[in-house]
Amino acid sequence: MKIAIVCYPTFGGSGVVATELGLELARRGHEIHFITYSQPVRLSQLSPNVHYHEVNVPEYPLFHYQPYELALSSKLVDMVKLYGIELLHVHYAIPHAYAAYMAKQMLKDEGIYVPIVTTLHGTDITLVGSHPFYKPAVAFSINKSDIVTSVSQSLKDDTYRHFNIRKEIHVIPNFIELDKNMKDPSISCRRSVMANENERILTHISNFRKIKRIPDVIKIFNEVQKQLPAKLMMVGDGPERAKAEKLCQKYGISDKVIFFGNSNEIDQILSYTDLFLLPSETESFGLAALEAMVWGIPVISSNSGGLPEVNFDGISGYLSDVGDVDAMAANAIKILGNETIYQKFRKNAREVASQFNIDKILPLYEALYEEALHVK
Ligand code: GMT
């Protein structure tokens, strides 16, 4: 199939999922066209079946806001015509599903039919999309998509709760490539650079937005490091970072916490991590937790949104109520404080992660693509 993938190219989970999906589809022989405003972060190597088309939005002083949707829908029309693209798979409803619908209508006018598959990722529904300023347009574009998927049952339920959706929503969980990380020869253990031999390494990875509850990460770590020697790796960047750095100063633990900023060395950092922290207010899925679990890293998370669908309580880690820092710290110490328990959680985390292997998930998308091509 010739498939266009539209996504946010930045460090967000939706862009990562879209990119990894496109790359795997290309490996399986599909022709993939990434269409977005800059090269997706994980799209470092272009393979024979992968194309990347940049959406340019010309700056014009009259426009207070540059019209990205317009530029994107025009680009989609041009690329469909030029490459004979058969299907548009858009990740994140805003504004991608909306722009895809416009492109579809323009193409229809020229006698070209191209179906739309929309994947909902979370904040497009729970945070931004349900805002009254966007809600009618988001509901409209979901209803006008030919196929709609969501990355968890929890997000599916939220979507039906927030919007008047008449379409069936198919749950297709996010995925990982179980063996890819392990095979990467560039990954060598540089644990000693980060921590002493006797110190446990805890890691948090996110975009440091309020919804991630970054102060909770610091508070949990502060409690843990009082009980056992430990270091905290903070990976990512965003509005809550400065607050987190101040909190570390306040607790007198600045020398035990490393702020990496956005990093392309996630796998390296995870390769020497002992425990992953994700105390978010909500997560539609929690891809970062899954990426940690592949490395056999137990996860301490909140029990909100889709997290219980990824991190299994008492098996791959522990889940607690949002904001219950004490319980999260106690669970972290329980896992890290006993080697036998710790090894059991490590094994379980990897086993749970294997349920999300790309081999199992990708055919679900392919089946829906086939269905979309036949709905006309
Ligand atoms: O977590 C974010 O703020 C980024 C956001 C995104 O759109 O990239 O992540 C969402 O999509 C990811 C991939 O499907 C999910 O793993 C995240 O849980 C989800 N974030 C939220 O629901 C807050």
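Residues numbered from 1 in each chain as written. Predicted model: local features only at pLDDT ≥ 70, side-chain atom pairs only at ≥ 80, totals over all residues.

Attention now goes to the overall build of the protein. A tally of regular secondary structure across the protein gives 15 helices and 13 strands. Compactness check: the protein gives a C-alpha radius of gyration of 21 Å against a globular reference of 21 Å for 376 residues, within 12% of the reference. By its C-alpha atoms, the protein is 70 × 40 × 35 Å across when sized along the principal axes. Of all 376 residues assigned to the protein, the portion counted as buried reaches 47%. Nonlocal contacts in the protein, meaning residues at least 24 apart in sequence, comprise 68% of its contacts between residues at least 6 apart. (Helix = DSSP H or I, 4+ residues; strand = E, 2+ residues; numbered from the N terminus. Rg over C-alpha atoms; globule rule 2.2 N^0.38 Å. Buried ≥ 20, exposed ≤ 12 C-beta atoms within 10 Å, placed from the backbone. Contact = placed C-beta atoms within 7 Å.)

Note on placement: V257 falls in strand β10 (residues 257–261). Judged by C-beta crowding, with 24 C-beta atoms within 10 Å, V257 ranks as buried. A C-alpha to C-alpha distance of 5.9 Å links V257 and K231, two positions 26 residues apart in sequence. Setting aside residues up to four positions removed in sequence, V257 forms contacts with L232, M234 and C248.

Take the UniProt feature "domain: Glycosyl transferase family" (unreviewed entry) in the protein next. Here, the residues flagged by UniProt with the feature "domain: Glycosyl transferase family" (unreviewed entry) are residues 192–351. In residues 192–351, the share of helix is 41% and the share of strand is 18%. The end C-alpha atoms are 28 Å apart. (UniProt positions renumbered as here; feature names shortened; annotations may be inferred.)

What follows deals with the sheet that holds strand β3 (residues 50–54). Taken together, seven strands build an open sheet; the order of strands is β3-β2-β1-β4-β5-β6-β7 and the sheet is parallel. A strand with exactly one partner marks an edge of an open sheet, and here the two such strands are β3 and β7 (169–171). The mean inter-strand angle of the sheet, taken between neighbouring strand axes irrespective of direction, is 25 degrees. Where helix α3 (residues 96–109) meets the sheet, it contacts β1 (2–6), β4 (87–91) and β5 (116–120), and its direction lies at approximately 160 degrees from that of β4. (Pairing = 2+ DSSP bridges. Axes fitted to C-alpha atoms, helices over the stretch in contact; angles between N-to-C directions.)

Another point: unusual backbone geometry. Cis rather than trans, the peptide bond between I94 and P95 has omega equal to -15 degrees. As for its position among the elements, P95 is in the loop between β4 and α3. The phi dihedral of F208 falls on the positive side, at around 50 degrees, and the residue is not glycine. The topology assignment puts F208 in the loop between β8 (200–205) and α9 (214–227).

Moving on, we come to the site of the ligand. Taken together, 20 residues form the shell around the ligand, and within it G12, G13, S14, G122 and L287 come nearest. Considering every element that reaches the shell around the ligand, the biggest residue donor is helix α1 (residues 13–27), with three residues. Within the shell around the ligand, the residues separate by chemical class into six nonpolar, twelve polar and two charged. Both domains that meet at the shell around the ligand, namely domain 1 (2–175 + 357–373) and domain 2 (180–354), each give it at least three residues. (Near = placed C-beta within 6 Å. Nonpolar A, V, L, I, M, F, W, Y, C, P; charged D, E, K, R; others polar. Domains from an automatic or database assignment.)

This part is about the pairing of strand β12 (residues 299–302). Residues of β12 alternate between two faces, with V299 and S301 on one and I300 and S302 on the opposite face, all of them buried. Where strand β11 (residues 275–278) and β12 come together, three bridges link them in parallel fashion. In the strand pairing of β12, L278 is matched with S301. Handedness of the crossover is the feature at issue here: the chain leaves β11, passes through helix α12 (residues 287–293), returns alongside β12, and the resulting connection is right-handed. Relative to strand β13 (residues 317–320), β12 is paired through four bridges, and the arrangement is parallel. If you follow I300 over to β13, its bridge partner there is Y318. (Right-handed = clockwise from strand over helix to strand, strands pointing away.)

Here we come to the confidence of the model for the protein. Residue-level pLDDT values for the protein average 93, and 96% of them are 70 or greater. On the interface metric, ipTM, the complex scores 0.97, and its pTM is 0.94. (pLDDT = per-residue confidence, 0-100.)

The next point concerns the packing of α9 against helix α13 (residues 325–336). As a packed pair, α9 and α13 sit with axes 9 Å apart at the nearest point and diverge in direction by 45 degrees. One element, α9, and the other, α13, form an angle in the oblique class. The handedness of the crossing between α9 and α13 comes out as right-handed. For the pair α9 and α13, contact is made by D216, K219, I220, E223, V224 and Q227 and by V325, M328, A329, A332 and I333, respectively. Among the residues forming the contact of α9 with α13, the class breakdown is seven nonpolar, one polar and three charged. (Parallel < 35°, antiparallel > 145°, perpendicular 65-115°, else oblique. Left-handed = near helix turned anticlockwise from the far one by under 90°.)

Judged by nonpolar contacts, the single largest core of 105 residues is most densely connected at L76, L88 and A100. Considering each element in turn, this core owes the most residues, seven residues, to α1. When residues of this core are sorted by domain, at least three fall in each of domain 1 (2–175 + 357–373) and domain 2 (180–354). Not counting residues up to four positions away in its chain, the partners in contact with L76 are A4, I35, L88, A99, A100 and A103. (Core = buried A, V, L, I, M, F, W, Y, C linked by C-beta atoms within 7 Å.)

The subject of this paragraph is α1. With 15 residues, α1 extends 21 Å between its outermost C-alpha atoms, agreeing within 8% with the 21 Å of an ideal straight helix rising 1.5 Å per residue. Most of α1 sits inside the fold, with 13 of its 15 residues counted as buried. Note on α1: the residue one or two positions beyond its end, G29, has a positive phi of about 105 degrees. (Expected span 1.5 Å × (residues − 1).)

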